[in-house]
Amino acid sequence: MIQIEDWLLAIDMENTKMAFEYNSYRCVGDECRNFVKACEVHMSPVVLEFAEKLGIDLAKPSQLESHHVNGNTAIMYSGKYHIIGEIIEGELDAWDIVVDEHCFSLTSEMETVPIFMMGSIIEISFEVVLPWVLEVEMKV
């Protein structure tokens, strides 16, 4: 069981981590490659610790969208992660947690759950603004 503020989550850590290993989400554009690279080099320890607590591999979202912001000097990313487990206590729509530059929310759309994830699924949506970290120039 994982306690996060007022929520108690039962997470199948072993199967969640295995699912992230087999996640078939692949980057096809520079914005996505920038997200993966930023996850490697830009994330603060508190965000990494939060993700580890939930079994999330930040660089492998189930869904990822990007929008240029700050005069085209950064990218606002939004997307979803899925973990195997269930919410034991806490309201689904009330979970909005800000961890450093990330905003995480529990959502229930379940449109992009990876096909290899079986059983009860928790969907976590996120938003974050990240700098451009790739050596190639950002295309506007």
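Everything discussed here concerns the structure shown above.
What counts, and where the lines are drawn
Residues numbered from 1 in each chain as written. Predicted model: local features only at pLDDT ≥ 70, side-chain atom pairs only at ≥ 80, totals over all residues. Heavy atoms only, no water. Helix = DSSP H or I, 4+ residues; strand = E, 2+ residues; numbered from the N terminus. Rg over C-alpha atoms; globule rule 2.2 N^0.38 Å. Buried < 20%, exposed > 50% of the residue type's maximum accessible area, 1.4 Å probe, protein only. Contact = heavy atoms within 4.5 Å. Areas by Shrake-Rupley, 256 points an atom, 1.4 Å probe, with all protein chains shown as cover. Lys, Arg positive; Asp, Glu negative; His and termini not counted. Charge placed at Lys NZ, Arg CZ, Asp CG, Glu CD. Salt bridge = Lys/Arg side-chain N within 4 Å of Asp/Glu carboxyl O. Core = buried A, V, L, I, M, F, W, Y, C linked by side-chain atoms within 4.5 Å. Patch = residues over 30% accessible without salt bridge, like charges linked within 9 Å, V, L, I, M, F, W, Y side chains within 5 Å.

Undergrad: Give me the lowdown on the overall build of the chain, citing residues and values where you can.
TA: Assigned secondary structure in the chain consists of three helices and seven strands. The C-alpha radius of gyration computed for the chain amounts to 15 Å, which stays within 12% of the reference 14 Å derived for 140 residues, consistent with globular compactness. Its C-alpha atoms put the chain at 45 × 30 × 25 Å along the principal axes. Scored against the burial criterion, the 140 residues of the chain give a buried share of 43%. Excluding contacts between residues fewer than 6 apart, the proportion of contacts in the chain whose partners are at least 24 apart in sequence is 73%. By element, 50% of the accessible surface of the chain is carried by carbon and sulfur atoms, the whole surface being about 7700 Å². The chain carries 8 positive and 25 negative side-chain charges, and their two centres are separated by 10 Å.

Undergrad: For the pattern of salt bridges, give the residues involved together with the corresponding values.
TA: The tally for this structure, following the rule as stated, stands at three salt bridges. A salt bridge links E52 to K17; its shortest N-O distance comes to 2.6 Å. Here E52 is found in helix 3 (residues 45–54), whereas its partner K17 is found in helix 1 (residues 13–21), with 35 residues between them in sequence. By relative accessible area, E52 is classed as partly exposed at 46%. Residue classification places K17 among the partly exposed residues on the basis of a relative accessible area of 34%. Residues K80 and E109 are paired through a salt bridge, measuring 2.6 Å at the closest nitrogen-oxygen approach.

Undergrad: Which residues make up the nonpolar core, and what values go with them?
TA: Core analysis: the largest hydrophobic core is formed by 34 residues, its most contacted members being F35, L54, I56, W95 and I124. Residue assignment for this core shows that the elements contributing at least two residues are strand 1 (2–4), strand 2 (7–11), helix 2 (30–41), helix 3, strand 4 (74–89), strand 5 (96–99), strand 6 (102–107) and strand 7 (121–131). At five residues, strand 7 tops the list of elements feeding residues into this core. When sequence neighbours within four positions are dropped, the list of residues in contact with F35 reads L58, A59, P61, L64, Y77, Y81, F126, V128 and L130.

Undergrad: Explain a nonpolar patch on the surface residue by residue, including any values.
TA: On the surface, a cluster of nonpolar side chains totalling about 450 Å² of accessible area is made up of M18, Y22, I115 and F116. Within the secondary structure, F116 is located in the loop between strand 6 and strand 7. Given a relative accessible area of 31%, F116 falls into the partly exposed group.

Undergrad: For unusual backbone geometry, give the residues involved together with the corresponding values.
TA: Glycine aside, negative phi is the norm for most residues, and most peptide bonds take the trans geometry. A positive phi angle, close to 50 degrees, is found at E5, a residue other than glycine. The residue E5 is located in the loop between strand 1 and strand 2 in this model. With a phi close to 55 degrees, M110 is a non-glycine residue in the positive phi region. Summarising the element assignment, M110 is placed in the loop between strand 6 and strand 7. Since its relative accessible area comes to 33%, M110 is described here as partly exposed.

By themselves, these are just geometric observations and shouldn't be taken as functional.
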